[in-house]
Amino acid sequence: MPVGPTVEIDPCPLYDLVASLFVLANYGEYDFAREDWTAEMSFLGRASDDVREAIDLCFKADLPVGLALIPVIAGMDEPRDFASLLAELRALPGERLVELGLFPSLADLDLDPALRKRVMTRPHELWQVLEQAGLEDAAKRKAFNLLVAPGRFKKTLVDLLEAYWRDFFGGALSQTARELEALAAAVRARMRKVTPAELLQGVVTLEGHRPVVLAPSHYISPYSIVYDDDDRGVLIVLYGREVVPPVEDSVDPAEVTEFLKVMADETRLRIARLLAEREMYGGELAAILGLTPPTVSHHLTKLRALGLIEAARRGGYVYYSLRSEVLRRLLDDAGRFILPELHRGTY
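Computed from a prediction, not measured in an experiment: that's the story for all the values here. Counting starts from 1 at the beginning of each chain's written sequence and moves along it residue by residue. Local features in this predicted model are restricted to residues of pLDDT 70 or higher, and side-chain atom pairs are both shown and tallied only at a pLDDT of 80 or more, whereas totals for entire chains, interfaces and linings draw on every residue. The basis for every side-chain value is the complete set of non-hydrogen atoms in the structure, without hydrogens or water.

Caption draft 1: Up close: the overall build of the protein chain. Secondary structure summary: the protein chain contains 16 helices and seven strands in total. A 1.4 Å probe rolled over the protein chains alone gives each residue an accessible area, and that area as a share of the maximum for its type sets the label: buried under 20%, exposed over 50%, partly exposed in between. When burial is assessed residue by residue, the protein chain has 47% of its 347 residues classed as buried. For the protein chain, the proportion of contacts with a sequence separation of at least 24, taken over those separated by at least 6, is 64%. Under the convention used here, a 1.4 Å probe and the Shrake-Rupley method define accessible areas, while residue burial counts only the protein chains that appear. Accessible surface for the protein chain amounts to roughly 17500 Å². Of this, 51% is attributable to carbon and sulfur atoms. For helices the rule is a DSSP run of H or I covering at least 4 residues; for strands it is a run of E covering at least 2, with both sets numbered from the N terminus onward. Contacts are assigned to residue pairs with any non-hydrogen atoms lying within 4.5 Å of each other.

Shown next as structure tokens:
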């Protein structure tokens with residue numbers, strides 16, 4: 001029996017940051033599934049002309065070069081938070097950022113690697129190729145300007161992210177984090193019943209054994225964003241609830257079993273209780289619990305594998321905090337598995 005590609009489910013909220021900016025740039029051209037975009041449209045109404053222009057430059061569907069953020073996020077080490085993303089971008093050469101965003105956006109032209117390398121220093125050659133392909137003048141000008149001034153594009157993207165996080169997305173994240181976890185759980189449950197090719201039917205055609213990363217998105221429904229990461233040989237798919245719909249009344253017994261196994265330990269229960277009060281670093285937890293740092297690290301690893309805690313590095317320390325939305329969902333699932341008549345949100 002042939003083995004299909006490996007599939008990793010990655011509910012990192014930074015992917016949803018990218019998806020939401022793509023939606024804002026193209027909202028009038030697609031039938032996105034959100035019923036109430038009041039908050040998002042309010043942000044766009046308050047934004048300066050520079051921010052609105054930056055959204056169009058980076059994420060308009062004619063040449064969405066801002067999707068370069070997708071492989072950057074995929075390649076980040078933990079903790080993958082917003083501050084870490086900005087640090088990654090500031091360390092990345094502007095030319096590399098343009099390359100990651102421009103050529104996947106022109107995938108239909110099937111540019112050979114030699115031409116890609118050449119046009120990075122000879123923008124006029126790309127202009128000729130795009131003209132022969134019949135691209136709109138606006139897209140040609142955008143591509144040309146990106147190659148001529150990659151540093152300007154990088155600054156525009158970083159400034160946009162800072163403004164968007166500060167004025168909207170950072171505050172909205174707490175409302176969407178639980179939905180991302182539910183979408184991730186839905187995929188895990190469905191993958192036990194179907195092959196990866198069946199799972200992604202209608203989204204992307206899988207060829208060979210190329211690994212796939214699935215990133216849930218609150219915003220992109222009912223569409224998806226597929227990024228072909230040639231460098232890592234991975235397909236990264238941002239999907240919404242219509243692509244892989246979560247079934248509200250279904251419970252994944254394997255996930256419930258793993259949750260109960262992990263939490264059937266007094267030390268882990270005490271760690272969860274402490275982190276529910278405030279974030280702490282490993283040394284603090286070890287001192288409070290009277291355990292050695294390696295022992296605490298072992299228990300933290302178990303909790304992180306379940307998605308119950310997250311880590312953030314600051315000032316030479318790694319701070320841990322409880323993901324309360326994940327805990328609530330798992331408690332819901334455990335209760336509803338035993339008592340199916342319970343509704344989600346009982347606990």
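Caption draft 2: Representation of unusual backbone geometry. Omega for the peptide link from E78 to P79 comes to 0°, which places this bond in the cis form. Secondary-structure assignment places P79 in the loop between α4 (69–74) and α5 (82–91).

Caption draft 3: Fine view of the sheet that holds strand β7 (residues 317–322). One open sheet accounts for three strands, arranged β5-β7-β6; its pairing is antiparallel. Every other strand in the sheet has two partners, leaving β5 (280–281) and β6 (309–314) as the edge strands with one partner each. A pair of strands counts as paired when DSSP detects no fewer than two bridges linking them. Summarising the sheet, β6 and β7 pair through six bridges and their orientation is antiparallel. Residue pairing for β7: A312 is matched across the bridge by Y319. Each axis is a line fitted through C-alpha atoms, and for a helix only the stretch in contact is used; angles between axes span 0 to 180 degrees, taken between their N-to-C directions. Along the sheet face, helix α13 (residues 266–277) touches β5, β6 and β7 and points at about 95° away from the line of β7.

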